[in-house]
Amino acid sequence: MKKFDFTINGNKYSVDIKEFEDEQATIHVNGTEYLVEVHQEKKRVKTPKLVRENVVRQPGEGHIAKKASPGGFPVEAPLPGSIFKMKVKEGDTVAKGDSLLILEAMKMENDVLADQAGVIKEIKVKEGDAVLQNDLLLVIG
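Starting from 1, residues in each chain are numbered consecutively following that chain's sequence as written. At least 70 in pLDDT is required for a residue's local features to be given in this predicted model, at least 80 for side-chain atom pairs to be given and counted, and no such filter applies to totals for whole chains, interfaces and linings, which use all residues. Calculated side-chain values reflect all of the structure's heavy atoms, with hydrogen atoms and water omitted.

Peer 1: I'd love a proper account of the pairing of strand S12 (residues 136–140), names of residues and values included.
Peer 2: Of all five residues in S12, four are buried, a share of seventy percent or more. One ladder, built from four bridges, connects strand S5 (residues 73–76) with S12; its direction is antiparallel. Each bridged residue has a counterpart across the sheet, and for Val 75 the counterpart in S12 is Leu 138. Here, any two strands with at least 2 DSSP bridges between them count as paired. The secondary structure listing takes helices from DSSP runs of H or I that are at least 4 residues long and strands from runs of E that are at least 2 residues long, numbered from the N terminus. When strand S10 (residues 118–123) meets S12, the two strands line up antiparallel, connected through three bridges. Opposite Ile 120, over in S12, you have Ile 140 as the bridge partner. Burial status follows relative accessibility: with a 1.4 Å probe on protein chains alone, a residue under 20% of its type maximum counts as buried, one over 50% as exposed, and anything between as partly exposed.

Peer 1: Lay out a nonpolar patch on the surface in plain terms, naming residues and giving numbers.
Peer 2: The grouping of Phe 4, Phe 6 and Ile 8 at the surface amounts to a nonpolar patch, some 270 Å² of accessible area in total. Following the sequence through the fold, Phe 6 ends up in strand S1 (residues 2–8). You can call Phe 6 partly exposed: its relative accessible area is 40%. Residues with no salt bridge and a relative accessible area higher than 30% make up the patches, which join like charges within 9 Å and nonpolar side chains (Val, Leu, Ile, Met, Phe, Trp, Tyr) within 5 Å. Note on areas: Shrake-Rupley with a 1.4 Å probe; residue coverage comes only from the protein chains shown. When a carboxyl oxygen of Asp or Glu lies within 4 Å of a side-chain nitrogen of Lys or Arg, that pair is called a salt bridge.

Peer 1: I'd like a rundown of the sheet that holds strand S2 (residues 11–21), residues and numbers included.
Peer 2: Strand order in this open sheet of four strands is S1-S2-S3-S4, and the pairing throughout is antiparallel. On the outer flanks of this sheet lie S1 and strand S4 (32–37), each paired with one strand and no other. Across the sheet, the mean angle separating the axes of adjacent strands is 35° when strand polarity is ignored. Sheet analysis places strand S3 (residues 24–29) next to S4, joined by six bridges and oriented antiparallel. Paired with Gln 24 across the two strands is Glu 37, which belongs to S4. Angles shown run from 0 to 180 degrees and are taken between the N-to-C directions of axes, each axis being a line fitted to C-alpha atoms and, for helices, limited to the stretch in contact.

Peer 1: Residues and numbers for the side chain of Thr 26, please.
Peer 2: Note that Thr 26 resides in strand S3. Under the relative-accessibility criterion, Thr 26 is labelled buried at 17%.

Peer 1: Kindly report on the nonpolar core, identifying the contributing residues and their values.
Peer 2: Only buried residues count toward a nonpolar core, which is a set of Ala, Val, Leu, Ile, Met, Phe, Trp, Tyr and Cys residues joined through side-chain atoms within 4.5 Å. Counting 17 residues, the largest nonpolar core has Ile 83, Leu 100, Leu 101, Leu 137, Leu 138 and Ile 140 as its most contacted members. Counting only elements with at least two residues in this core, the list comes to strand S6 (81–86), strand S8 (99–105) and S12. With near-sequence residues (within four places) excluded, Leu 138 lies in contact with Phe 73, Pro 74, Val 75, Met 86, Val 88, Leu 100, Leu 101, Ile 120, Glu 122, Ile 123 and Lys 124. Note on definitions: a residue-residue contact is assigned when non-hydrogen atoms from the two residues lie within 4.5 Å.

In structure tokens:
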């Protein structure tokens, strides 16, 4: 509720605006309630429009190329980090759940475990290498 004091032709009026919806207002003038219609110019608000050219894709752009199968079960980096310690070498036999290497990420040491039993066919990294998430670390055959 807003209060206003008006002086019209020397007469003082105390006006309380009780309710205001659309163009109708309920007001109290010196204790008497009135329903009034308010006429006001509507301001046009201009919303800026973003104008840019259509994006034209190049042939093959936006297409995800699948990695070539290395001929075994690939073990990828679960998160970015660096290879802290290798626990296996090529030719080693591993069981499901065996620790393959330790990946240091965010100042924590994370064991990378074998998801499948088999023989280590290829090792693509060495201790100290920096890797990104989903980089190929080694292949279990």
